[in-house]
Amino acid sequence: MTKALKINKSTEQGILELLKFLLKKGKVKGIFTLKKINKDGSVAYSLITKPDELKYAVPFYPLMPVNAGKLLSRFSLKGSSSEPVAAVVRPCELRAFIELVKREQGSLENIFFISSTCGGVHPIDKSVDGTVEKNLSEYWDAVKKGEIPAELRPACRSCEEFIPYTADMTVDLIGNNIDKQCMIFLNTKNGEEIAKGMDGEFLEKEINKEKIDKLRGKREAEKKKLFDELEVKMNGMDGLIEIFGKCISCHGCMRVCPICYCKLCEFESSDSEYKPSNYESDLKKRGGLRVPPGTIYFQLGRLSHISISCVACGACDDVCPVDIPVAMIFKKVGESVQKMFDYIPGKDVEEDIPLVTFEKEEFAEVEE
Amino acid sequence: MSKDEEFMPKILAFLCNWCSYAGADLAGTSRLKYPPSILPIRVMCSSRVDPLFIIKAYLGGADGVLVAGCHPGDCHYEKGNYYTRRRFVMLKEVVKGLGLEPERIRLSWISASEGNKYVEVTTEFTEKIKKLGKNSAKNKIFL
Ligand code: SF4
Ligand code: SF4
Ligand code: FES
């Protein structure tokens, strides 16, 4: 059994009250959460220190403007926060942050993590034209029923990792009566500690496994469908060229990827620049060359760098201007690589990234 | 190349200085015969081979890429080849996952005294690649 806090108010209200309580009581000095920018449904992550400002906070708004793991890395890269901060993030954002901490790109110190059983998010362009805001009630209805809301991003529709591993608190959204109550699981000692004194009922409870499994089943089916569709397209080099041929090399997918943290990406360095002699030798061989070359090299290379840690948050899909299913490709390849090492990225900060460690006796079969 | 001439693949072979390169040398000085398909590149350790080298070679049209190093436990730098092995597991999965041909990349342990094994590995790999045929990436334009 896990400790839990039940607030007899809507989840939306309950969580805001909790955040306000944390600030007012000085349990944390800042709240990192999504905040509304205007009425149309534009949101951005912000640090809030004044309780009053929380009236614009929209934790768990179904959008991921940037993977918060990336932002928290920037927040703590040069040193951990001197004051405690509560960060409201999604499971995949938390996992991304853990992967970054493993790479010494951030610090967990002085950050409390509030996450949720996650209903998923919409593609970012749907926020710009106001559709997300317009369809909010449908979204929450689906979450309440434990269904996959309409028009979610493919990465979310097919995500089975929608329960956080290392959050101090988990707000239970999936299949819950969120209009009437706010159920918050206190997973860690820290979580329990900072919730102490909050108005509500403290009890022992488990997340409703049945509802979770049911949604996981639906998402599994969705994943299978999406993977199957991909497999048909990804047949051999011709398939890949078909998929990536339209890539405009904006490198947006890399820039928003939380795992791609390099300040100077290999594929943007002068090493990757073609010299006249490279053009000459390639042209001689091929009789023609796409300019600039290297689209497939970029993605294959990126996969070799990050597939082991890809949390399949879907941020890359959001930004690709030519609708290449980058996220599903990375999710598919990522999962198969991670399976080889029995690794779930971001599950446990103590666990080494598989490529920087080894066992002496293993994988004998890979040698031929 | 005329039509009836047999296809001789081009295989890039990254050989670690301390074991596999010496093994290849031994094959040479022992006057053992091995296929002309192999283009050896000496590296100080198998772990020097960045997976990107392999990807680049493959996209550049190499019909096969061989990485050879010391047997586990014998790496001159003690643990280089253990990392190589894990990277290979990863790379093969990436290549497979994209629907490409993992059969075109190969990892082998060849010690300095295994001139014979060097011949076996290179011969066998060459035969396998011959069966697979040319790497279709070689004359693609929209890479
Ligand atoms: S990928 Fe999963 S955890 Fe991340 S936002 Fe989507 S549903 Fe939530
Ligand atoms: S975001 Fe899309 S177009 Fe831009 S580099 Fe990535 S795959 Fe190519
Ligand atoms: S020196 Fe031979 S594998 Fe490391």
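For the structure itself, look to the data block above.
Computed from a predicted model, the values in this text were never measured in an experiment.

The next subject is the environment of Pro354(A). Locating Pro354(A) in the fold gives a position in the segment after helix 15 (326-340). Owing to a relative accessible area of 4%, Pro354(A) belongs among the buried residues under this scheme. Put simply, Pro354(A) and Lys27(A) are 327 residues apart on the chain and 37 Å apart in space, counted from C-alpha to C-alpha. Setting aside its immediate chain neighbours within four residues, Pro354(A) contacts Ile308(A), Phe341(A), Tyr343(A) and Arg86(B).

Attention shifts here to the packing of aromatic side chains. Residues and elements named next belong to chain A. Scanning the entire structure with this criterion turns up 11 aromatic pairs over all chains. With 4.8 Å between their ring centres and 10 degrees between their planes, Phe 32 and Tyr 45 make a pair best called stacked. Residue Phe 32 is located in strand 2 (residues 30-36), and its partner Tyr 45 is located in strand 3 (residues 43-48); the two are separated by 13 residues in the primary sequence. Tyr 45 carries the same exposure label as Phe 32, and that label is buried. Their ring planes at 75 degrees and their centres at 5.4 Å tell us that Phe 341 and Phe 363 sit as a pair that is edge-to-face. Placement of Phe 341 in the segment after helix 15 and of Phe 363 in the segment after helix 15 is noted, with a sequence separation of 22 residues between them.

To continue, consider the interface of chain B and chain A. Contacts between the two partners involve 39 residues from chain B, matched on the other side by 46 residues from chain A. Of the roughly 4,000 Å² buried at the junction of chain B and chain A (both faces included), carbon and sulfur atoms supply 65%. It is Arg86(B), Leu98(B) and Leu143(B) that lose the most area in chain B upon contact with chain A, and together they represent 19% of the buried surface on that side. Across the pair Lys117(B) and Glu367(A) runs a salt bridge whose closest N-O atoms are separated by 3.1 Å. Our count for the chain B to chain A interface comes out at 24 residue pairs in polar contact (both at pLDDT 80 or more).

The next point concerns the site of ligand 2. Around ligand 2, the structure places 13 residues, and the nearest of them are Cys247(A), Cys250(A), His251(A), Cys253(A) and Cys320(A). Residue classes in the shell around ligand 2 are distributed as nine nonpolar, four polar and no charged.

Residue and element names in this part refer to chain A. Burial along strand 4 (residues 85-88) is two-sided: the face carrying Val 85 and Ala 87 and the face carrying Ala 86 and Val 88 are both buried. Note: strand 4 against strand 5 (residues 111-116), four bridges, orientation parallel. Paired with Val 85 across the two strands is Ile 111, which belongs to strand 5. Where the polypeptide runs from strand 4 across helix 3 (residues 91-102) and back to strand 5, its parallel neighbour, the crossover connection is right-handed.

Turning our attention to the packing of helix 13 (residues 295-306) of chain A against helix 2 (residues 51-59) of chain B. When two helices pack together, their arrangement is captured by the angle between the axes and the distance separating the axes. At their nearest, the axes of helix 13 of chain A and helix 2 of chain B sit 10 Å apart, and the two run at 150 degrees to each other. Considering their axes alone, helix 13 of chain A and helix 2 of chain B lie roughly antiparallel with respect to each other. Like other packed secondary-structure pairs, helix 13 of chain A and helix 2 of chain B cross with a definite hand, here right-handed. The residues of helix 2 of chain B that touch helix 13 of chain A, namely those facing Ile296(A), Tyr297(A), Leu300(A), Gly301(A), Ser304(A) and His305(A), are Pro51(B), Leu52(B), Ile55(B), Lys56(B) and Leu59(B). Looking at the contact of helix 13 of chain A with helix 2 of chain B residue by residue, the classes come out as seven nonpolar, three polar and one charged.

Moving on to the packing of helix 10 (residues 236-244) of chain A against helix 13 of chain A. All names here are of chain A. Relative orientation of the contacting elements helix 10 and helix 13 amounts to 100 degrees, with a least axis distance of 10 Å. Classified by the interaxial angle, the pair formed by helix 10 and helix 13 is roughly perpendicular. Where helix 10 abuts helix 13, its residues Met 237, Leu 240, Ile 241 and Phe 244 lie against Thr 295, Ile 296 and Gln 299. Looking at the contact of helix 10 with helix 13 residue by residue, the class counts come to five nonpolar, two polar and no charged.

Take unusual backbone geometry next. Residue and element names in this part refer to chain A. Following Val 291, the chain continues into Pro 292 via a peptide bond in cis, with omega recorded as -10 degrees. Within the secondary structure layout, Pro 292 lies in the loop between helix 12 (276-286) and helix 13. Positioned with a positive phi, His 251 is a non-glycine residue whose angle comes to about 60 degrees. Examined against the element boundaries, His 251 turns out to sit in the loop between helix 10 and helix 11 (252-256). Its identity as a non-glycine residue notwithstanding, Phe 363 has a phi of 45 degrees, on the positive side.

Looking now at the side chain of Glu160(A). Turning to its location among the elements, Glu160(A) is positioned in the loop between helix 7 (154-157) and strand 6 (169-171). Apart from residues lying up to four places away in sequence, Glu160(A) is in contact with Arg216(A), Glu220(A), Lys223(A) and Glu335(A).

With that out of the way, let us pick up the pattern of salt bridges. Residue and element names in this part refer to chain A. Summed over all chains, the structure comprises 34 salt bridges over all chains. Between Asp 318 and Arg 153 there is a salt bridge, and its shortest N-O distance comes to 3.1 Å. With a gap of 165 residues between them, Asp 318 in helix 14 (residues 315-319) and Arg 153 in the loop between helix 6 (136-145) and helix 7 connect regions that are remote in the sequence. When its relative accessible area of 17% is taken as the criterion, Asp 318 is described as buried. Given a relative accessible area of 1%, Arg 153 falls into the buried group. Note that Glu 335 and Lys 331 form a salt bridge whose closest N and O atoms lie 3.4 Å from each other. Placement of both Glu 335 and Lys 331 in helix 15 is noted, with a separation of four residues, approximately one turn of the helix. Lys 331 sits in the buried class, given a relative accessible area of 5%.

The rules we used
Residues numbered from 1 in each chain as written. Chains lettered and ligands numbered in written order. Predicted model: local features only at pLDDT ≥ 70, side-chain atom pairs only at ≥ 80, totals over all residues. Heavy atoms only, no water. Helix = DSSP H or I, 4+ residues; strand = E, 2+ residues; numbered from the N terminus. Buried < 20%, exposed > 50% of the residue type's maximum accessible area, 1.4 Å probe, protein only. Contact = heavy atoms within 4.5 Å. Phe/Tyr/Trp six-rings, centres within 6.5 Å; stacked < 30°, edge-to-face > 60°. Buried area = accessible area lost by both parts, 1.4 Å probe. Salt bridge = Lys/Arg side-chain N within 4 Å of Asp/Glu carboxyl O. Polar contact = N/O pair within 3.5 Å; in protein donor to acceptor, adjacent residues only side chain to side chain. Near = heavy atom within 4 Å. Nonpolar A, V, L, I, M, F, W, Y, C, P; charged D, E, K, R; others polar. Pairing = 2+ DSSP bridges. Right-handed = clockwise from strand over helix to strand, strands pointing away. Axes fitted to C-alpha atoms, helices over the stretch in contact; angles between N-to-C directions. Parallel < 35°, antiparallel > 145°, perpendicular 65-115°, else oblique. Left-handed = near helix turned anticlockwise from the far one by under 90°.

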